[in-house]
Amino acid sequence: MEILRVENLSRSFGGFKAVDNVSFSLKELEITALIGPNGAGKTTLVNLITKKLKPDSGRIIFQGMDVTGLSAHKIAKLGIVRTFQVLSLFPTLTVYENLKIPALTSRTPDEDIEKIMVDLGIERFKDAKVAKLPFGIQKLVELGIALALKPKLLILDEPAAGLAQEDRRNLTKILGDMGRRITLMVIEHDMEFVFGLAERVMVMDKGRIIASGRPEEIAKNKLVREIYLGEE
Amino acid sequence: MLKIRNLNAYYGNLQVLFNINLEVDRGDIVAVLGPNGAGKTTLLKAIINVEVTKYGEVEFEGTNITSLPTHKIAKLGVHYVPDYGGLLPGMTVLDNLRLAAGSKTPPINKLKDFYPEIANLLERRADALSGGERKIVSIVRSILTNPKLLLLDEPSEGMSPIMVDKTVKLLKRLNEEREFTILWVEPGAKLKKVIEVADKIIVLTAGRIVYVGEAERAKEEIDKIKEYVFVRG
Amino acid sequence: MLLRNVLRDVNVVLIVILAFTLALIPLTGDRFYIYITSLFMVYSLFALSYNLLFGYAGLLSFGHAMFFATGAYVTALFTLKVFRDPLVGLIIGVMSAIPLALIVGFLSLRHTRVYFAILTLAFGMLIYAVLVKWRSVTGGTDGLVGIPKRGVILDISSPQAYYYFILVFFIIAVLSLYIFIKSRWGLMIRALGANEDRLPFTGHSVLTIRLYTFTASGLIAALSGSLYSILMGVVTPDIAYWTFSAEPLVMTLLGGSTYYMGPVLGAFIFITLTTMLARFAEYWLLLLGLAIIAVVVGFRGGVSGVLVLAVERLMRSVEARGVWRSLGLKT
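### Details of the sheet that holds strand E9 (residues 200–205) of chain B
All names here are of chain B. Across the sheet, which stays open at both edges, the six strands sit in the order E6-E7-E8-E3-E9-E10 with mixed pairing between neighbours. Two strands close off the open sheet at either side, each with one partner strand: strand E6 (78–81) and strand E10 (208–214). In this sheet, adjacent strand axes meet at a mean angle of 15° when their direction is disregarded. Sheet topology places strand E3 (residues 29–33) next to E9; four bridges connect them, and they run parallel. Considered in E9, the bridge of valine 32 is made with isoleucine 202.

Shown next as structure tokens:
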């Protein structure tokens, strides 16, 4: 079952084509990784899907419905949720309040907010102001905000960036469990993380998708090795 | 070159670093590893006197820099590259680099020597770069300031694997050619690569130093190091 | 559940203490104190309404006087020309904020904060211009006089009577606004002030939240204006001039915008300074300027910020914490 279909999506900044005629589709409950060199357009693509930016051309179809013209908050309400590479939390509010805000949109009751905090291991910080928390915990709050929206499609932008190895393994487990109920797309640079989690890998370079397939295939792909993976 | 003695650091009332003693010799690459929240960034900030309340002594090339204002420490040749890059957003990459090189136009060919990719980024505005691109530019920028001591805060975080390789090789090469001394902070994901190029490894956990080792010994004890780094303090 | 939390809250205790203190003022029998305290209550509401917009939602407005003036003039006109009663006039005056907030809000709130600030200045002065030019209705620069305190339903001509009239509405407004801020709508407003950029990605419309914040703020400001017109008996266009819009901003900065009751404290300081120093009329502006500099240079949290720091230090001593807990207050 196709949950998202992107058709001929393009976006330029001045003369620079950040996203160049991109088309792909995501299968429901499949975990997809989006990888590629820096500046390939991965975050821009996510910005276009979630309407942080308006596409110059193309269509976005979510669960069979054309959502191309919808505004960011309506897209989020429909169930397309994303996290940010550079954390974007509500700094002066508590962890609970940070999760309550999206919970109001999805009508998630307080018990479920508790459960999300417990699952992520952050319930003891419930009433702490987010700005004062250590980085690793803040990253989990960022994820919690996305979960409290009860997403159908969750797009994670470099969720492991800045995390130490054990935290990464912990995150892989959390996302793996999540992947059984939510369709996931993950942008990441940590190949161990990607190959441990993804069922499908898409590779972007210079605004285009240059390869797509199972992780093992991509790892062997010559072009991908040349521009992105390096020695391994 | 850098001597830190009995450093205790606080954010407000919260103590983050406990009794740190550390030495960096000229020409060395010293890696500081540790889990999140261990205080690695705090250590770098404490050296340049930013945002942190500290007690103890910091000495650079014989000068006591403990209470010196940040810009004076920078003038002495200590350059800090934060994890978000620290570029001036409204200006182009080229202008950012010009500022770093001291208003002389930096030799573009030389830049391509560091990272070939940089040629494409010169005309872009610094705030229009992707996260990884920003990191690459901030590293080039720091090189252009001709620092004596480079403090790198998670420089390879968010870079594609191939760029991480290039960055590590570049820094090793510069360290050899120009005697850049580097204090390099990493969260541990790229442990192996960093240990290969470092002269000294320090592991910081929950604000305390739990391991110090010279290069060869560190390579043998890599599993022990992994245990220190990966077990949260 | 909300009610229980509210009752154990420090701010509610402060409000109750303030209410009791204010209730005792008329017993002094001193007309001047009754008058000045009435003015204090009016200005407090004005400043509180401003801080909802400024301190909580992060929206800087230079035209807040438009609500004050509209409430004042509508109440005046209604009681003079339509139906002679202060209570009904007040209600109509407060309601007039709604169409004003929706129209001005819809035109200004969809812009970025800088443009919003300029637009509020423009709309504020537009209202001023209307009040000055439309002599036949508004009385022009002479304004409207003889706003009645004795009405068909309510007679509040005596100082005690109009004082308690104002006090009742003051308490209701201060408590309601606080409950509003503690509610889920209040959370959205605080989210707006904390990280507006993230808000759409949590499924909320920034424009919608701005609009209801602007309306709530306008309603309280109009209430303060309506009370003012009944208190003074006279309204003139200067209450719509942009410098009057700066006064709640000054009061908020002085008292502190981070704590709920900060603006009330600021209004108190402001009125005390301006009346006490009225004798040294030339000097009060100088002192006011110095006070503002002090706030900006050193005491960002305003006077309430300094007080809270002092109280926190006090609370750190073990005995004090015991006292606090035994009173059932949250530490």
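Past the structure itself, the notes keep going.
### Side note on the interface of chain A and chain B
Contacts between chain A and chain B engage 26 residues on the former and 24 residues on the latter. Mapped by element, the contributors of at least two residues to the side of chain A that touches chain B are helix H5 (135–147), helix H6 (165–178) and helix H9 (222–229) of chain A. Sort the elements by how many residues they give to the side of chain A that touches chain B and H6 of chain A lands first, with four residues. Here the side of chain A that touches chain B is built from residues that sort into ten nonpolar, nine polar and seven charged.

### What about the domain arrangement of chain A?
When the parts of a complex come together, some accessible area is lost, and that lost area is often used as the size of the interface. All names here are of chain A. Taken as a whole, chain A is organised into domain 1 (1–77 + 152–160 + 184–232) and domain 2 (80–150). Here the C-alpha centre of domain 2 lies 25 Å away from the C-alpha centre of domain 1. Facing 15 residues of domain 1, the contacting portion of domain 2 comprises ten residues. Counting only elements with at least two residues in the side of domain 1 that touches domain 2, the list comes to helix H1 (42–49), helix H2 (72–78) and strand E7 (153–157). Tallying contributions element by element places E7 first for the side of domain 1 that touches domain 2, with five residues.

### Examining the pairing of strand E1 (residues 2–13) of chain A
All names here are of chain A. Relative to strand E2 (residues 16–27), E1 runs antiparallel, the two being bridged by eight bridges. If you follow arginine 5 over to E2, its bridge partner there is serine 25. Remark: two residues form the turn of the hairpin made by E1 and E2, two consecutive strands paired antiparallel; glycine 14 in that turn has positive phi of roughly 65°. In terms of strand pairing, E1 meets strand E4 (residues 57–62) through five bridges, oriented antiparallel. Across the sheet, residue valine 6 finds its bridge partner in E4, namely isoleucine 60.

### So, the interface of chain C and chain A
In this complex, chain C contributes 15 residues to the contact, which on the side of chain A involves 20 residues. In the side of chain C that touches chain A, the residues fall into six nonpolar, five polar and four charged.

### Thoughts on the nonpolar core
Of all hydrophobic cores here, the largest spans 162 residues; its most connected members are Ala69 and Ile166 of chain C. With 14 residues, the single largest contributor to this core is helix H3 (residues 31–56) of chain C. Summarising the domain contributions, this core has at least three residues from each of domain 1 (1–77 + 152–160 + 184–232) and domain 2 (80–150) of chain A. Every residue in contact with isoleucine 166 of chain C, bar those within four places of it in the chain, is listed here: Ser38, Met41, Val42, Leu227 and Leu231 of chain C. Core analysis: the second largest hydrophobic core is formed by 66 residues, Ala46, Ile48, Leu129 and Val203 of chain B among them.

Rules used in this analysis
Residues numbered from 1 in each chain as written. Chains lettered and ligands numbered in written order. Predicted model: local features only at pLDDT ≥ 70, side-chain atom pairs only at ≥ 80, totals over all residues. Pairing = 2+ DSSP bridges. Helix = DSSP H or I, 4+ residues; strand = E, 2+ residues; numbered from the N terminus. Axes fitted to C-alpha atoms, helices over the stretch in contact; angles between N-to-C directions. Contact = placed C-beta atoms within 7 Å. Nonpolar A, V, L, I, M, F, W, Y, C, P; charged D, E, K, R; others polar. Domains from an automatic or database assignment. Core = buried A, V, L, I, M, F, W, Y, C linked by C-beta atoms within 7 Å. Buried ≥ 20, exposed ≤ 12 C-beta atoms within 10 Å, placed from the backbone.

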